[in-house]
Amino acid sequence: MGKKFVADAMLGKLVKWLRVMGYDVRYQSHYPSGLIDRLVRNEARTLLSRRLKTVAGYQDAFLITADSVREQLLEMKIRGLLTLGRSSWFSRCLRCNTLLKEATLEEASFNIPDYVLNEKVGKISVCPSCGRYYWPGTHRVRMEKQLEEWGF
Ligand SMILES: [Zn+2]
């Protein structure tokens, strides 16, 4: 199990990449008062924020200082926050953070393009929460290459 995070509203891009790598990251564009507090305390999440003032209010928080996603990920890696291996990549819904489950070909056939089925690209996953499908296509290969370039 990797570390669990909650990211403040300015970190949408970083959140996407953390979820690509399989990290459990809570994120929304607006947090009602007290929610971040509860997520840090009750769910043992590390708060990620770019605001020093925000970070200062929590015991388990990490200040993101870099501007680019690559450097933000590197900051986290250097501090030992990113411990998941490659087998965790693409295990989580990028939209809603839920763990994916494997989809049967039958359910998938109604929900994904024909060419994906015809080319038998491999394991197809579905998000049990929002219903989004995922498969190892060119988009995924691009993201894998990007992560490798960044040293993951
Ligand atoms: Zn989802």
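What you are looking at is a predicted structure, and each value in this text was computed from that prediction instead of being measured.

Calculation rules
- Residues numbered from 1 in each chain as written.
- Predicted model: local features only at pLDDT ≥ 70, side-chain atom pairs only at ≥ 80, totals over all residues.
- Heavy atoms only, no water.
- Pairing = 2+ DSSP bridges.
- Helix = DSSP H or I, 4+ residues; strand = E, 2+ residues; numbered from the N terminus.
- Axes fitted to C-alpha atoms, helices over the stretch in contact; angles between N-to-C directions.
- Contact = heavy atoms within 4.5 Å.
- Salt bridge = Lys/Arg side-chain N within 4 Å of Asp/Glu carboxyl O.
- Buried < 20%, exposed > 50% of the residue type's maximum accessible area, 1.4 Å probe, protein only.
- Donors = N, O, S within 2.8 Å, 3.2 Å for Na, K, Ca; no water.
- Tetrahedral: all angles 85-135°; square planar, octahedral: opposite > 155°, others 65-115°.

*Asks:* I would appreciate a short explanation of the sheet that holds strand β4 (residues 61–63) in the present structure.
*Replies:* Whether parallel or antiparallel, the strands of a sheet pair through hydrogen bonds between backbone atoms. Ordered by their spatial adjacency, four strands build an open sheet running β2-β1-β3-β4, and the pairing between neighbours is parallel. Each edge of the open sheet carries a strand with a single partner, namely β2 (24–27) and β4. Across the sheet, the axes of successive neighbouring strands diverge by a mean angle of 25 degrees, strand direction being ignored. With three bridges joining them, strand β3 (residues 46–49) and β4 adopt parallel strand pairing. Looking at β4, one finds that L48 is bridged to F62. Relative to the sheet, helix α1 (residues 12–20) contacts β1 (4–7), β2 and β3, its axis offset from that of β2 by approximately 155 degrees. Sheet contacts for helix α2 (residues 35–42): β1, β2 and β3; angle to β1, the most-contacted strand, approximately 170 degrees.

*Asks:* What am I meant to see in the side chain of E75 here?
*Replies:* Here E75 lies in helix α4 (residues 69–78). The residues contacting E75, other than those within four sequence positions of it, are F62, L63, I64, T65 and A66.

*Asks:* Which parts of the structure should I look at to understand the pattern of salt bridges?
*Replies:* Working definition: two side chains of opposite charge can pair if their charged atoms are close together. Within this structure, the stated rule accounts for seven salt bridges. With its nearest N and O atoms 2.7 Å apart, the salt bridge here joins R45 to E43. Owing to a relative accessible area of 30%, E43 belongs among the partly exposed residues under this scheme.

*Asks:* Is there a simple way to think about the pairing of β2 in this case?
*Replies:* Looking along a regular strand, one sees the side chains alternate between the two faces of the sheet. Strand direction decides the pairing type here: β1 and β2, joined by four bridges, are parallel. In the sheet register, A7 faces β2, and the bridge partner there is Y27.

*Asks:* Honestly, the coordination of the zinc ion in this entry has me stumped. Any pointers?
*Replies:* Octahedral six-donor coordination of a metal ideally yields angles of 90 or 180 degrees, compared with 109.5 degrees for tetrahedral four-donor coordination. Coordination of the zinc ion by the protein comes from C93 (SG), C96 (SG), C127 (SG) and C130 (SG), over a distance range of 2.3 Å. Coordination at the zinc ion is tetrahedral, judged from the four donor atoms that bind it and the angles of 98 to 122 degrees they form at the metal. When the donor residues of the zinc ion are listed from N- to C-terminus, their spacing reads C-x2-C-x30-C-x2-C. On the criterion of sequence distance, the pair formed by C93 in the loop between α4 and β5 (101–102) and C130 in the loop between β6 (125–126) and β7 (133–134) is long-range, its members being 37 residues apart. Residue C93 is classed as buried on the basis of its relative accessible area of 0%. Judged by its relative accessible area of 30%, C130 falls in the partly exposed class.

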